[in-house]
Amino acid sequence: MRGFDEAWLKDHLAKRRTERAMPSGPVSFTLRAPFKLLNQTLKMHFGARGKYAASLSSEIASQTAHHEGQAPMSRARVTIERHSCAEPDQDGLVGGAKPLIDCLIVRSKVHPRGLGFILDDRPACLELIVRHVKAKKAEQRTTVLIEPLA
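Residues numbered from 1 in each chain as written. Predicted model: local features only at pLDDT ≥ 70, side-chain atom pairs only at ≥ 80, totals over all residues. Heavy atoms only, no water.

**Student:** Can you lay out the overall build of the chain for me, pointing to particular residues and giving the numbers?
**Tutor:** Scanning the chain from terminus to terminus reveals five helices and four strands. Secondary structure elements in the chain, listed N-terminal to C-terminal, are α-β-α-α-β-α-α-β-β. Contacts in the chain between residues at least 24 apart in sequence constitute 82% of all its contacts with a sequence separation of at least 6. Accessible surface, the chain as shown: approximately 9,600 Å² in total, 56% of it carbon and sulfur. (Helix = DSSP H or I, 4+ residues; strand = E, 2+ residues; numbered from the N terminus. Contact = heavy atoms within 4.5 Å. Areas by Shrake-Rupley, 256 points an atom, 1.4 Å probe, with all protein chains shown as cover.)

Put into structure tokens, the structure is as follows:
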């Protein structure tokens, strides 16, 4: 029987990290409520705003645990659909998506709740589509689709 080979273990672990870090196809999830609009988040106390962002991040993380360890998409299209009863203003709709988008970015000091699906939210890295979908009160939710772009 051969002894323990550290070189083999090092190569094996590097191979596993590479396999796990390979970007795969689209990521999608559904939040149980429509995200808060810009006017709602601006009126929140900063502590409540932090709790709201933390709850978004944990809800997304619980639904996307099978994507953990993937490399962030360097260019991505993020489509967010807010299913709600009343149609909001376009600027309030897009501005309200910011806490949700911040949860999708790579974790950093600036974005401590980032889950690492996309590299950054700069226009060079992100194509953002935010839409309203008319829904009954019982069917309100937020759906998100993240697709890699070449």
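Additional details are given in the paragraphs that follow.
**Student:** Report on the sheet that holds strand β2 (residues 76–84), specifying residues and quantitative values.
**Tutor:** The strand order across the open sheet formed by four strands is β1-β4-β2-β3, and the pairing between neighbours is mixed. Taken across any chain shown, the strands that pair with only one partner, and hence form the sheet edges, are β1 (27–31) and β3 (126–134). Pairs of neighbouring strands in the sheet enclose a mean axial angle of 15 degrees, with direction left out of account. Judged from the eight bridges that link them, β2 and strand β4 (residues 141–148) form a sheet pairing that is antiparallel. Paired with Thr-79 across the strands is Leu-145, a residue of β4. (Pairing = 2+ DSSP bridges. Axes fitted to C-alpha atoms, helices over the stretch in contact; angles between N-to-C directions.)

**Student:** Lay out the side chain of His-83 in plain terms, naming residues and giving numbers.
**Tutor:** Position of His-83 among the secondary structure elements: in strand β2. Assessed through its relative accessible area of 7%, His-83 is described here as buried. Ignoring anything within four residues of it in the chain, the contact list for His-83 reads Pro-34, Val-133, Ala-135, Glu-139, Gln-140, Arg-141 and Thr-143. (Buried < 20%, exposed > 50% of the residue type's maximum accessible area, 1.4 Å probe, protein only.)

**Student:** Talk me through the layout of surface pockets; I want residue IDs and the actual numbers.
**Tutor:** Here the largest pocket is characterised by a volume of approximately 310 Å³. If you go around the largest pocket, you meet 17 residues; those closest to its centre are Arg-49, Ala-53, Lys-98, Pro-99 and Asp-102. Where the lining of the largest pocket is concerned, the elements lending two or more residues are α2 (38–42), α3 (46–63) and α5 (98–104). (1 Å grid on protein atoms, 1.4 Å probe; cavity = no way out; pocket = protein on both sides within 12 Å on 5 of 7 lines; lining within 4 Å. Points joined across faces, edges and corners; volume = space filled by probe spheres on them.)

**Student:** Give me the pairing of β4: which residues, what numbers.
**Tutor:** As judged from the five bridges shared by β1 and β4, these two strands associate in the antiparallel manner. Considered in β4, the bridge of Phe-29 is made with Val-144.

**Student:** Can you tell me about the pattern of salt bridges, naming the residues and giving the values?
**Tutor:** Summed over all chains, the structure comprises six salt bridges. Between Glu-127 and Arg-77 there is a salt bridge, with the nearest N and O atoms lying 2.8 Å from each other. Note that Glu-127 is positioned in strand β3 and Arg-77 in strand β2, a separation of 50 residues in sequence. Judged by relative accessible area, which is 30%, Glu-127 ranks as partly exposed. Taking the relative accessible area as the measure of exposure, Arg-77 reaches 25% and is therefore partly exposed. (Salt bridge = Lys/Arg side-chain N within 4 Å of Asp/Glu carboxyl O.)

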